Amino acid sequence: MLRPRCVRLGSAAFLIMLAILQSAAGQSGSGRDAYLEAVINGLPTGLVAHFEYRGGTLVVAPDELRSLGLVPQPVARTTDGLIDVGRMKDVTYAIDVPAQIIRFTAADSAMVRRKFDAQSVRLRGGIRPDDSVKSVDGAVLNYLVFGSTTTDSRNVFSLDGRANGFSAALDAHFFSSAGTLSQSGIVGVASGTAGQSIRLDTTWSYDDPHSLLIYRAGDLISGGLLWTRPFRMGGVQVQRSFALRPDLITMPLPALTGSAAVPSTVDVYFNNVKTYSQNVPAGPFEISNLPVLAGGGMQRVVVRDALGRQTVTSQPFYASPKLLRKGLYDFSVEAGVRRYSYSVKSNDYDSDPVASATLRGGLSDRLTVEAHAEGASSLINGGAGIVFPTGNVGVASIAVAGSGGQGSGMQVSAGVEVAFDRFHLFGRVQQTWSNYRDLASLPRAQRDAPSITLLPPRQLYQAGITIPSPWDASSVTLTYSRLRSVDGFEQDVVGASYARALWKNTTLFANAFGELHGSGNIGVFAGFTVALDDGVSATASISRAGKSLTGGIDISKSQSSEPGTYGWNLRDHEGAVTDRAAGISYRTSLGKLTATAQQFGRSSQVTGQMEGSIAAAGGGIFLANRIDDTFAVVDAGAPDVSVSYENRPAGRTDAHGRMLITGLRAFEPNLVTIDPNNLPVNAVVARTKASVVPSRRGAVLVDFGVSTEKTPVRGTLRDENGKAIAVGSSGTAVTSQEKFIVGYDGEIYLDRASPGETLDVQRADGGNCRAVLPRVYSARMETLTCR
């Protein structure tokens, strides 16, 4: 066991004996104990370890040696499991007997690498909300109502054309502790036709953040990988979702290893941005899970000692979400029947049952394996692949799949991404042979039903490179794509893009493409964008596609998500076809309104739309902007109370003291606060802020515990002779059980006691007495007689 230096043995007799034992190497003397302070490479460890002399050798327990900072080497292990210090490689030692110090000289390879986790400060194991926040059951209906009218052939506005009419996109979901039931659809009516409706999705889902699983039943999309093709289906699904734990880092992060001659400070920079700092002891060290964004760049490490001397090293890094950390795995399993004609027909399902399974697993931080299998009664398809880093500059993948049954064939897919010193390179190759099929291309089981099968492409090649400019921060991106279908269709397209900041708030851009075969079309799109004040931007551009030349200008003002804001846009493009438009939008606390007028060639159109939601939760019904994920119902206990979300004003409570806040982040902490200055003078406030951690597509009730039913009482307690009750006396309201302390001059304050309630008082000067609160409180301080 390691001991502090204060417990060293100081006996002179023992020191003499220890010196004799050290000088008589090889002689008998086994079983002698010594407690020595360790110094490694001239730096004190501040620790004392238990050593033992055995016949001229010095042995120590492996755990104690490791705690000192030295690696217990197997080559130095004795028969009873201890470590013979004299047999350790790259380690020498000397004993200072009078000082009871053992001085080691060790190479980095023989020293324990000190490990630091840069992500250790993050929340782990999930996030717990405040106790005042509770999940509630409820329902939400999102709506988008759209209306339009166009000109007729005489360029006169009319309501007789089929393009005129109204439509609405509706998305409703009902949520509770049993899960979420979602229903979406489209309804519409055009002039001269009967109204129609189309059901889109009907799905029940349940999220389990503890196991990171999502269970679904109904309409869903199968899981897939980069080399597979997901498909729509009706059935059941179990899927791993890391989104249920936003604090969980799934991709391997860069690690840093090094050595410090003396205790130092290590600063880590990624792309010239300081992201981490750590004090390290002398010797080798390792810092894992360094925080970076996905992609590539340069890592710069600055090691600075106490004297200010520093060493700087740089190396490239690459982090990709395509890789999984060691021990993590991701999967999706589903079974059901395929769905066709989505958004065209409401209930177009096949009769042939299908099943699909997808798996990804991190065997190590440098190897992720993938597997996929799917099948029906007439087809089976399966494959496997691997994803691995290409040094510190990129990631590569390769996968092989095969099919049998109604379509027998093979598919090979490979890809690579590389980023180094502002150069970016990507490439992908996919090739199929014979009659390779997957479930996305399998014909219907019903013979009499029409079928559209989209077979996987015979060849799909994609490549691109970004080349930085040697003169400034701009770059040029070149791309190439080749597609060859099973029926012989071929298309080869090359492209180029360039962007550069010209001066303050002005950016030049240019894009071009060309077809190498077939029509040989060439297109060019170029212009510049100017960012003005107050969210206004202007873009002037010119484009050419084939023989058609068009030029124009776009001016727009962006709109924020806060109520009371507005946005607008103007467009005028002239050329082979005239394209002009003007639109304006305004956001209220109840929703967003948009109106647009457009002229395209000889046709004109005027449209208007209203977007918002109706939510029922927390004992109220609210009209609000669209709710795509989760929301909170705030109960401030009084009307017209100012509410803030993440320190930004969110609005004021309604006549019932409630307010709805949208746009919350699921499974992450969200700060909600109220301003107590807006509360009535008789309000009792339990808290003014709360941390909200809602579930996905759910709602929480944030009750700040504000009460105006009880009127606070401020008064003075006096005995029957009119003398103030002694300071420090204590009391309890009998009914509400509220406790209070008597202050100077007998003053008391109660915020929960009811009118007419009895107060029991324990007097500091001895004895007890009772007082009764008045039935009606006055504005002045009450005088209460305690008998």
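For the structure, check the block above.
These numbers were taken from a predicted model, which means no experiment stands behind them.

Structural notes on the overall build of the protein
(1) Moving on: Scanning the protein for helices and strands turns up two helices and 54 strands.
(2) Moving on: Burial analysis of the protein (787 residues in total) assigns 39% to the buried set.
(3) Moving on: The contacts of the protein with a sequence gap of at least 6 include a subset with a gap of at least 24, amounting to 50%.
(4) Moving on: Of the roughly 40800 Å² that the protein leaves accessible, carbon and sulfur atoms contribute 57%.

Things to note about the pairing of strand E38 (residues 591–600)
(1) Moving on: The sheet contact formed by strand E37 (residues 579–587) and E38 spans nine bridges and is antiparallel. When the sheet's bridge partners are listed, Ser585 is paired in E38 with Thr594.
(2) Moving on: In this structure, E38 lies alongside strand E39 (residues 603–617), joined through ten bridges in antiparallel fashion. Paired with Gln599 across the bridge in E39 is Ser604.
(3) Moving on: Here E38 folds back onto E39, and the loop between the two strands holds two residues, one of which, Gly601, carries a positive phi near 65°.

Things to note about the state of the cysteines
(1) Moving on: As enumerated under the stated definition, the model contains one disulfide in all.
(2) Moving on: Disulfide partner of Cys769: Cys786, at an S-S distance of 1.9 Å. The S-S bond linking Cys769 to Cys786 shows a torsion near 95°; that makes this disulfide right-handed. Of this pair, Cys769 sits in strand E53 (residues 768–772) while Cys786 is found in the segment after strand E54 (782–785), placing the two residues 17 residues apart along the sequence. For the pair Cys769 and Cys786, one class covers both residues: buried.

Structural notes on the side chain of Thr539
(1) Moving on: Position of Thr539 among the secondary structure elements: in strand E34 (residues 536–545).
(2) Moving on: Here the side chain of Thr539 touches Thr529 through a polar contact of 3.1 Å, side chain to side chain.
(3) Moving on: Beyond its immediate chain neighbours, meaning those up to four positions away, Thr539 contacts Phe509, Phe528, Thr529, Gly552, Ile553 and Asp554.

Structural notes on the layout of surface pockets
Remark: the empty space left among the atoms is shown by a probe the size of a water molecule rolled over them.
(1) Moving on: There is about 710 Å³ of room inside the second largest pocket.
(2) Moving on: Lining the second largest pocket are 24 residues, with Pro563, Ala650, Met659, Leu660 and Thr662 sitting closest to its centre.
(3) Moving on: For the lining of the second largest pocket, the secondary structure elements donating two or more residues are strand E40 (620–624), strand E43 (648–652) and strand E44 (658–664).
(4) Moving on: No other element matches the six residues that E44 contributes to the lining of the second largest pocket.
(5) Moving on: A per-class count over the lining of the second largest pocket returns eleven nonpolar, six polar and seven charged.

Considerations on the packing of aromatic side chains
(1) Moving on: Evaluated as defined, the whole model comprises five aromatic pairs.
(2) Moving on: Pairing Tyr93 with Phe104 gives two aromatic rings, centres 6.4 Å apart and planes at 45°, and the pair type is tilted. You can see Tyr93 sitting in strand E5 (residues 91–96) and its partner Phe104 sitting in strand E6 (residues 101–106), a full eleven residues away along the chain.
(3) Moving on: The interplanar angle of 20° and the centroid separation of 6.2 Å between the aromatic rings of Tyr329 and Phe331 together place this pair among those described as stacked.
(4) Moving on: Under the relative-accessibility criterion, Tyr329 is labelled partly exposed at 41%.

Quick word on empty space enclosed by the protein
(1) Moving on: Under the criterion given, the structure shown has two cavities of 30 Å³ or more.
(2) Moving on: The calculated volume of the second largest cavity comes to roughly 30 Å³.
(3) Moving on: Surrounding the second largest cavity, Thr432, Ser434, Asn435, Tyr436, Leu455, Pro456, Arg458 and Val486 form its lining.
(4) Moving on: Residues of the lining of the second largest cavity, tallied by class, amount to four nonpolar, three polar and one charged.

Description of the nonpolar core
(1) Moving on: The biggest cluster of nonpolar side chains holds 24 residues, and the ones touching the most others in it are Phe51, Leu70, Met88, Ile95, Ile102 and Phe104.
(2) Moving on: Take this core: its biggest share by element is four residues, from strand E1 (residues 32–40).
(3) Moving on: With 21 residues, the next largest nonpolar core counts Val641, Leu664, Val672 and Val700 among its residues.

Here's the deal with the sheet that holds E44
(1) Moving on: Taken in spatial order, the four strands of this open sheet run E8-E47-E41-E44, and their pairing is mixed. Since the sheet does not close on itself, it has two edges, and those belong to strand E8 (133–136) and E44, each with one partner. Strand-to-strand twist of the sheet, defined as the mean angle between neighbouring strand axes without regard to direction, takes the value 30°.
(2) Moving on: As paired strands, strand E41 (residues 630–635) and E44 are joined by six bridges and run antiparallel to one another. From the neighbouring strand, Val633 faces E44, where its bridge partner is Leu660.

Quick notes on the environment of Gly42
(1) Moving on: Mapped onto the elements, Gly42 comes out in the loop between E1 and strand E2 (43–54).
(2) Moving on: Residue Gly42 is classed as exposed on the basis of its relative accessible area, which comes to 59%.
(3) Moving on: Linking Gly42 and Thr105, residues 63 residues apart in sequence, is a C-alpha distance of 7.8 Å.

Quick notes on the environment of Val187
(1) Moving on: If you trace the backbone, Val187 turns up in strand E12 (residues 179–190).
(2) Moving on: Classification of Val187 by relative accessible area gives partly exposed; the value is 34%.
(3) Moving on: Taking the C-alpha atoms as reference points, Val187 and Phe166, separated by 21 residues in sequence, lie 8.6 Å from one another.
(4) Moving on: In contact with Val187, other than residues within four places in its own chain, are Ser167, Ala168, Leu170, Gln196 and Ser197.

Observations regarding the sheet that holds strand E17 (residues 264–270)
(1) Moving on: What the four strands build is an open sheet, ordered E18-E17-E20-E21; its pairing is antiparallel. Sheet topology places strand E18 (273–280) and strand E21 (310–319) at the edges, where each strand pairs with a single neighbour. Adjacent strand axes in the sheet meet at a mean angle of 20°, parallel and antiparallel pairs treated alike.
(2) Moving on: Looking at chain direction, strand E20 (residues 295–305) and E21 are connected through ten bridges and run antiparallel. Bridge pairing in E21 links Val303 to Thr311.

Thoughts on unusual backbone geometry
Trans peptide bonds make up most of the peptide bonds, and negative phi angles are found at most residues other than glycine.
(1) Moving on: Its identity is not glycine, yet Ser341 carries a phi of approximately 55°, on the positive side.
(2) Moving on: Along the chain, Ser341 falls in the loop between strand E22 (329–339) and strand E23 (349–364).
(3) Moving on: A relative accessible area of 28% places Ser341 in the partly exposed class.
(4) Moving on: With a phi angle near 55°, Arg697 is a residue other than glycine that sits in the positive phi range.
(5) Moving on: Its location among the elements puts Arg697 in the loop between strand E46 (689–692) and strand E47 (699–703).

Points about the side chain of Gln278
(1) Moving on: Within the fold, Gln278 resides in strand E18.
(2) Moving on: Within the structure, the side chain of Gln278 is placed 2.7 Å from the side chain of Tyr276, a separation counted as a polar contact.
(3) Moving on: In this view, Gln278 contacts Phe116, Ser264, Thr265, Val266 and Ile287; residues no more than four positions away in its chain are not counted.

A look at the pattern of salt bridges
Close approach of charged atoms allows side chains of opposite charge to pair.
(1) Moving on: By the definition in use, this model includes 29 salt bridges.
(2) Moving on: Between Asp267 and Arg304 there is a salt bridge whose closest N-O contact spans 3.1 Å. Here the residue Asp267 occupies a position in strand E17, and Arg304 occupies one in strand E20, the gap between them amounting to 37 residues.
(3) Moving on: For the salt bridge of Arg787 with Glu720, the shortest nitrogen-to-oxygen distance reads 3.8 Å. Of the two residues, Arg787 is situated in the segment after E54 and Glu720 in the loop between strand E48 (713–718) and strand E49 (730–733); the sequence distance between them amounts to 67 residues. This pair shows no difference in class: Arg787 is exposed, exactly as Glu720 is.
(4) Moving on: Taken together, the salt bridges that share partners define one network made up of Arg199, Asp201, Asp219, Arg232 and Arg339.

Calculation notes
- Residues numbered from 1 in each chain as written.
- Predicted model: local features only at pLDDT ≥ 70, side-chain atom pairs only at ≥ 80, totals over all residues.
- Heavy atoms only, no water.
- Helix = DSSP H or I, 4+ residues; strand = E, 2+ residues; numbered from the N terminus.
- Buried < 20%, exposed > 50% of the residue type's maximum accessible area, 1.4 Å probe, protein only.
- Contact = heavy atoms within 4.5 Å.
- Areas by Shrake-Rupley, 256 points an atom, 1.4 Å probe, with all protein chains shown as cover.
- Pairing = 2+ DSSP bridges.
- Disulfide = S-S within 2.5 Å.
- Polar contact = N/O pair within 3.5 Å; in protein donor to acceptor, adjacent residues only side chain to side chain.
- 1 Å grid on protein atoms, 1.4 Å probe; cavity = no way out; pocket = protein on both sides within 12 Å on 5 of 7 lines; lining within 4 Å.
- Points joined across faces, edges and corners; volume = space filled by probe spheres on them.
- Nonpolar A, V, L, I, M, F, W, Y, C, P; charged D, E, K, R; others polar.
- Phe/Tyr/Trp six-rings, centres within 6.5 Å; stacked < 30°, edge-to-face > 60°.
- Core = buried A, V, L, I, M, F, W, Y, C linked by side-chain atoms within 4.5 Å.
- Axes fitted to C-alpha atoms, helices over the stretch in contact; angles between N-to-C directions.
- Salt bridge = Lys/Arg side-chain N within 4 Å of Asp/Glu carboxyl O.

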